[in-house]
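Understanding the architecture of this molecule
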Amino acid sequence: MDLRLAGHGALVTGSSSGIGTAIAETLAGEGCDILVHGRNAAAAAAVAERVTLRGVRSEVVLGDLTEPGVAEQVALTARDFGARILVNNAGPFAEHDWDSARPADWRAAFEGNVLPTVRVTQTLLPSLRAHGWGRVITIGSRAVRTPLPHMVTYSAAKAAVVNMTTSLARHLAGTGVTANCVSPGVISTPSLHRMFEERAAAAHGPADEADETDELGEMGEMGMADARDVAESGGGRGPVTGSGTPVRSGPGPVAAELVAEYAPIPAGRLGRPQDIAAAVAYLASPLADYVNGIELRVDGGITGTS
């Protein structure tokens, strides 16, 4: 299907790794010019290089969106790039429960997930409205509907992201600019794997050193935070459970056991970054002109089952 995205420009925040990279590459595959954003220059440049191989224009903008003035500057760069599609993907996560979360942790969750989204969006909106067409897509989380008990600050911050996306859609009524949210479920990403490898190392000794170029915090959804005994190495050995049993990332009995034990997903598998990217591409397209103010859950059906 032709999504009619050829010639459009897009800024994908946090696109130097994980879900953000998948979104950038998928939009590029549909003909979008891509402004790659990240904090790691080498990682962002590598993504931009792959994007250009799809025959579209690509540039890089760097910066920590939580730093004063950076979000606004990234948005202005996107305006000059000609971006009419904004995908607010960047957002850090941290593990805190109600007993351990301090006021500073709550503040950090909102300053990392909510305020950068607001600042980038507010700065770019005048350009989108003047053009008479645009897309603002935010990345939420399945934690919005089923708060993760060990990620209470992150869950609350993502709930705010969904709420303000609905508010923005109403605010933009009649402008030709829509605002929607995609909420991932349990998604397998390098950052997720690294988190579990660190847990496994603490419990069973160090695993092989991971060779990752992505940055923790530049991802759309950490995914399986409640699968506390699972780890995957980005280096020589593959995924393992807390007991050290190998876990294959693809379909198979061990992966099925993993899903059944830690994340009972009706779809029967872990999500992939491409699953989220496909949903974003549709919402970004002119085919979704009549879709506005929604939260699209791409979670394999896990919401409400765990």
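Residues numbered from 1 in each chain as written. Predicted model: local features only at pLDDT ≥ 70, side-chain atom pairs only at ≥ 80, totals over all residues. Heavy atoms only, no water.

1. Points about the overall build of the chain
Note the following rule: Strands are runs of DSSP state E lasting at least 2 residues, helices are runs of H or I lasting at least 4, and numbering of each runs from the N terminus. Three labels apply to residues, based on accessible area from a 1.4 Å probe with only protein chains included: buried if under 20% of the type maximum, exposed if over 50%, partly exposed otherwise in between. Residue-level accessible areas treat just the shown protein chains as cover; the underlying method is Shrake-Rupley with a 1.4 Å probe.
Of regular secondary structure, the chain possesses nine helices and seven strands. Split into buried and exposed, the 306 residues of the chain put 53% on the buried side. Accessible surface, the chain as shown: approximately 12800 Å² in total, 52% of it carbon and sulfur.

2. Focus on the sheet that holds strand S7 (residues 295–298)
Applicable threshold: Strands are labelled as partners when DSSP assigns at least two bridges between them. Inter-axis angles, ranging from 0 to 180 degrees, are taken between N-to-C directions of lines fitted to C-alpha atoms, where helices are fitted over the stretch in contact. Note on definitions: a residue-residue contact is assigned when non-hydrogen atoms from the two residues lie within 4.5 Å.
If you walk across this open sheet you meet the seven strands as S3-S2-S1-S4-S5-S6-S7, and the pairing is parallel. The outermost strands of the open sheet, each flanked by one partner alone, are strand S3 (58–62) and S7. On average, adjacent strands in this sheet sit at an angle of 20 degrees to one another, irrespective of strand direction. Direction of pairing for strand S1 (residues 9–12) relative to strand S2 (residues 33–38): parallel, over a ladder of four bridges. Within S2, the residue paired with alanine 10 across the bridge is isoleucine 34. Where helix H3 (residues 70–81) meets the sheet, it contacts S1, S2, S3 and strand S4 (83–88), and its direction lies at approximately 165 degrees from that of S2.

3. Re the side chain of asparagine 88
Assignment of secondary structure puts asparagine 88 in strand S4. What asparagine 88 contacts, discounting residues up to four positions off in sequence, is Thr13, Thr117, Val120, Thr121, Val136, Ile137, Thr138 and Ile139.

4. Looking at the side chain of serine 15
As for its position among the elements, serine 15 is in the loop between S1 and helix H1 (18–29). By relative accessible area, which is 0% here, serine 15 ends up buried. Residues within four places of serine 15 in sequence aside, it is in contact with Gly20, Thr21, Ala24, Leu35, Val36, His37 and Val47.

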